[in-house]
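Commentary on secondary and tertiary structure
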Amino acid sequence: GTVLHAILANINQPDQLGKAMNMVALTESETAFYTDLSKKIIDLFEQKRWFDAKWQHFNERELLYKNQSLRADKILLSEDDCIVIDYKTGAKEKKYNKQLQEYMQVCATALQQKIQGYLLYVDDMELIEVNLN
């Protein structure tokens, strides 16, 4: 998951994939795999309109919560909305929902925006909305 995180942390617009891929050292087969996976994620973001101009992208942003340091994979911020996205590989676990809710709580405390949260399980490209409460 760390390679994918490194790639996605450098993508705020669809045309940044090539540049992001060049920032990680991969074998030829790894490059093909991660390029394909990243394109699927970019397609999903485009379908959700998360690359629209209204969104500011914050990648791997550190948040403080109850004296803990948390790191959200991606926070999208607009004038009215905040979307917190966490990328996951492997099996779905309840602890991931709780982790995302903590990220969302920090954003809700600091911002006046409506908060939404999503877990993106990249293995099967399943996007799961997580509610704050």
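Throughout what follows, the structure given in this document is the object of discussion. As the structure is a prediction and not an experimental result, all values here were calculated from the model. (Residues numbered from 1 in each chain as written. Predicted model: local features only at pLDDT ≥ 70, side-chain atom pairs only at ≥ 80, totals over all residues. Heavy atoms only, no water.)

1. Topic: the pairing of strand 1 (residues 56-65)
For clarity, the threshold we go by: Should DSSP find at least two bridges between two strands, the strands are taken to pair. Only DSSP runs of H or I reaching four residues or more are called helices, and only runs of E reaching two or more are called strands; each is numbered from the N terminus.
Bridge count for strand 1 against strand 2 (residues 68-77) is 9 bridges, and the pairing is antiparallel. Residue pairing across strands places His57 opposite Leu76, the latter belonging to strand 2. What sits between strand 1 and strand 2 in their antiparallel hairpin is a turn of 2 residues, with Lys66 showing a positive phi close to 50 degrees.

2. What about the packing of aromatic side chains?
The test is simple: By convention, a stacked pair of Phe, Tyr or Trp rings (six-membered ring in the case of Trp) has centres within 6.5 Å and planes under 30 degrees apart, an edge-to-face pair has planes over 60 apart, and any other such pair is tilted. Classification of residues uses two cut-offs on accessible area relative to the type maximum, computed with a 1.4 Å probe and protein chains only: under 20% is buried, over 50% is exposed, and between them is partly exposed.
Applying the stated criterion across every chain, the model contains 5 aromatic pairs. With centroids separated by 5.0 Å and ring planes inclined at 80 degrees, the aromatic side chains of Phe33 and Tyr34 adopt a geometry described as edge-to-face. The class of Tyr34 is buried, set by a relative accessible area of 15%. Geometrically, the ring pair formed by Tyr96 and Tyr121 is tilted, given 6.4 Å between the ring centres and 50 degrees between the ring planes. You can see Tyr96 sitting in helix 4 (residues 94-110) and its partner Tyr121 sitting in strand 4 (residues 114-121), a full 25 residues away along the chain. Residue classification places Tyr96 among the buried positions, given a relative accessible area of 15%. Judged by relative accessible area, which is 2%, Tyr121 ranks as buried. Put simply, the rings of Phe45, Trp50, Phe51 and Tyr118 pair up and form one aromatic cluster.

3. A closer look at unusual backbone geometry
Positive phi outside glycine occurs at Arg49, with the angle close to 65 degrees. Within the secondary structure, Arg49 is located in the loop between helix 3 (28-47) and strand 1. Even without glycine at this site, Met125 takes up a positive phi of about 55 degrees. Structurally, Met125 is set in the loop between strand 4 and strand 5 (126-130). A residue is classified by how much of its surface remains accessible, and Met125, at 23% relative accessible area, is partly exposed.

4. Remarks on helix 4
Keep this limit in mind: Expected span of a helix, by definition, is 1.5 Å for each gap between consecutive residues, and there is one gap fewer than residues. Any two residues whose heavy atoms approach within 4.5 Å are treated as being in contact.
The terminal C-alpha atoms of helix 4, which comprises 17 residues, lie 25 Å apart, in line with the 24 Å expected from a rise of 1.5 Å per residue. Residues of helix 4 that are buried: Tyr96, Leu100, Glu102, Tyr103, Met104, Val106 and Cys107. Its buried side turned inward, helix 4 meets strand 1, strand 2, strand 3 (81-88), strand 4 and strand 5.

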